[in-house]
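Working through the structure, step by step
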Amino acid sequence: MPELVESSRDGHVALLRLNRPEARNALSPELMEQLAGELERLDPDPEVRCAVIAGSEKVFAAGADIRAMSERSFSEVLRHPAASFWRRLAAIKTPMIAAVSGYALGGGCELALACDMIVAAEGAQFGQPEINLGIIPGGGGTQRLARVLGKQRTMEYVLTGRRFDAADAHAMGLVNRVVADGRWLEEALALAADVAKQPPIAARLAKQAVLVAEETALSPGIENERRLYELAMATEDRVEGMTAFLEKREPKFEGK
Ligand code: DAK
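The structure contained in this document is the topic of the report that follows.

All right, on to the side chain of Gln128 then. Considering the arrangement of structural elements, one finds Gln128 in the loop between strand 8 (125-127) and helix 6 (141-149). For Gln128, the side chain forms a polar contact with the main-chain oxygen of Gly106, separated by 3.4 Å. A distance of 3.0 Å separates a polar atom in the side chain of Gln128 from a polar atom in the side chain of Glu130. Apart from residues lying up to four places away in sequence, Gln128 is in contact with Gly106, Cys109, Glu110, Leu113, Pro137, Gly141, Leu145, Tyr157, Val158 and Gly161.

Structure follows, in structure tokens:
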């Protein structure tokens, strides 16, 4: 059986490509299991400092698998492992970048939103069309979109199912950069390589600190940041980083 998620590595950057073209990379239970499993396998690997999640030129992911969902009874919904996929994704400590070309719809948009940064091709299309199917987003879409776009704009997208393009996504602060259609993967990998150059413990602590901003009020967020900062100060890499600066040379980070 072909891999539903193709995994490769270049230096300290892992690339995970969704590979279910016949169903527009719809997130079937099997694909979600492979993706979460692969991320969990890479997460503790000290050689992996950043992960890029990508689809194809035509589609990032068309959302949850409608065929599989259509056959699910209510009691199966309650017991279904799909819910844990999103929790597993949120627990990954490695910085993750979504490389989006083509459609990122429903669970596909939510997958991109669950990553730490998004690089989008000019032709990318985002949206939460679940309402057209009689459901609502279930992978964090209402919450993560509202935090970035604000209530009014999120309401429009989740109540109408209307799509928005990469330029709009960029203007609304959802994507980090929009690049020419042929260059989305290359640009995402270049951004990942920049992250991977950084001291990896500090990068993970920084990710953790920023994510707390979505969850908490300012004072506890700043308190949490201070504790994470103290942890960063306990690393060998910070000694190296500061010494290299003072000695006017490039630092060599070891992840210690
Ligand atoms: N699921 C299953 N199959 C899909 C699919 C999907 N989401 N999207 C496309 N396909 C299949 C089509 O059925 C078709 O199959 P065949 O007829 O060839 O067998 C094949 O892929 C090609 O599709 P199209 O002919 O439609 O391809 P086009 O290039 O013309 O259009 C498209 C591409 C992406 C615009 C279109 O396929 C489309 O609109 N797809 C549906 C998008 C959508 O409605 N997505 C939202 C799905 S609901 C949860 C967490 C999250 C969720 C649920 C629960 N929990 C925590 C429990 C999320 C829900 C969703 O995402």
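The ligand sits among 24 residues. The nearest are Arg24, Ala62, Ala64, Ile66 and Gly107. Glu22 has a polar backbone atom sitting 3.3 Å from an oxygen atom of the ligand. Here a nitrogen atom of the ligand and a backbone polar atom of Ala62 are 2.8 Å apart. In isolation the ligand exposes 1,100 Å². Once the protein is present, 66% of that is buried. Residues belonging to the shell around the ligand are distributed by class as follows: twelve nonpolar, five polar and seven charged.

Taken in spatial order, the six strands make up an open sheet running 1-2-3-5-7-10, and their pairing is mixed. Of all the strands in the sheet, just strand 1 (5-10) and strand 10 (177-179) have a single pairing partner and so form its edges. Pairs of neighbouring strands in the sheet enclose a mean axial angle of 20°, with direction left out of account. Relative to strand 3 (residues 50-54), strand 2 (residues 13-18) runs parallel, the two sharing five bridges. Directly across from Val13, in strand 3, lies its bridge partner Cys50. Along the sheet, helix 5 (residues 107-114) makes contact with strand 2, strand 3, strand 5 (96-100) and strand 7 (117-121), crossing strand 5 at roughly 140°.

On to the sheet that holds strand 6 (residues 103-105). If you walk across this open sheet you meet the four strands as 4-6-8-9, and the pairing is mixed. Each end of this open sheet is capped by a strand with a single partner; those strands are strand 4 (59-61) and strand 9 (163-165). Ignoring which end each strand starts from, the neighbouring axes of this sheet average 20° apart. As defined by bridge partners, strand 8 adjoins strand 9 across three bridges and the pair is classed as antiparallel. Bridge pairing in strand 9 links Gly127 to Arg163. Of the strands in this sheet, strand 4, strand 6 and strand 8 touch helix 5, which is tilted by about 95° from strand 6.

Another point: the nonpolar core. Leu111, Phe126 and Leu174 are the most contacted members of the largest nonpolar core, which totals 45 residues. At six residues, the largest contribution of residues to this core is made by helix 1 (residues 29-42). If we ignore the near neighbours within four places in the chain, the residues touching Leu111 are Leu18, Leu27, Leu35, Ile53, Phe60, Phe85, Trp86 and Leu89. Counting residues in hydrophobic clusters, the runner-up holds 17 residues, among them Leu15, Cys50, Ala121 and Trp184.

So, how was this worked out
- Positions within a chain are numbered from 1, following the residues in the order the chain's sequence is written.
- pLDDT decides what is reported in this predicted model: residues at 70 or higher carry local features, side-chain atom pairs at 80 or more are listed and counted, and totals for whole chains, interfaces and linings draw on all residues regardless.
- Think of the side-chain values as coming from all heavy atoms in the structure, minus any hydrogens and water.
- Numbering of helices and strands runs from the N terminus; a helix is a DSSP stretch of H or I covering at least four residues, while a strand is a stretch of E covering at least two.
- In the analysis that follows, any N or O atom pair within 3.5 Å is treated as a polar contact, provided that within protein one partner can donate a hydrogen and the other can accept it, and provided that, for residues neighboring in sequence, both atoms belong to side chains.
- Here a residue-residue contact requires only that any non-hydrogen atoms of the pair lie within 4.5 Å.
- A molecule or strand has a residue near it when one of that residue's heavy atoms lies within 4 Å.
- With residues, only the protein chains shown are counted as cover, and all accessible areas are computed by Shrake-Rupley using a 1.4 Å probe.
- Polar here means any residue other than Ala, Val, Leu, Ile, Met, Phe, Trp, Tyr, Cys and Pro, which are nonpolar, and Asp, Glu, Lys and Arg, which are charged; Gly is therefore polar.
- Only strands joined by at least two bridges in the DSSP assignment are considered to pair.
- The angle between two axes is taken between their N-to-C directions and runs from 0 to 180 degrees, where each axis is a line fitted to C-alpha atoms and a helix contributes only its stretch in contact.
- Joining through side-chain atoms within 4.5 Å is the link that ties buried Ala, Val, Leu, Ile, Met, Phe, Trp, Tyr and Cys residues into a set, and such a set is a nonpolar core.
- Here the term buried applies to any residue with accessible area under 20% of the maximum for its type, exposed to any over 50%, and partly exposed to those in between, with areas from a 1.4 Å probe on protein chains only.

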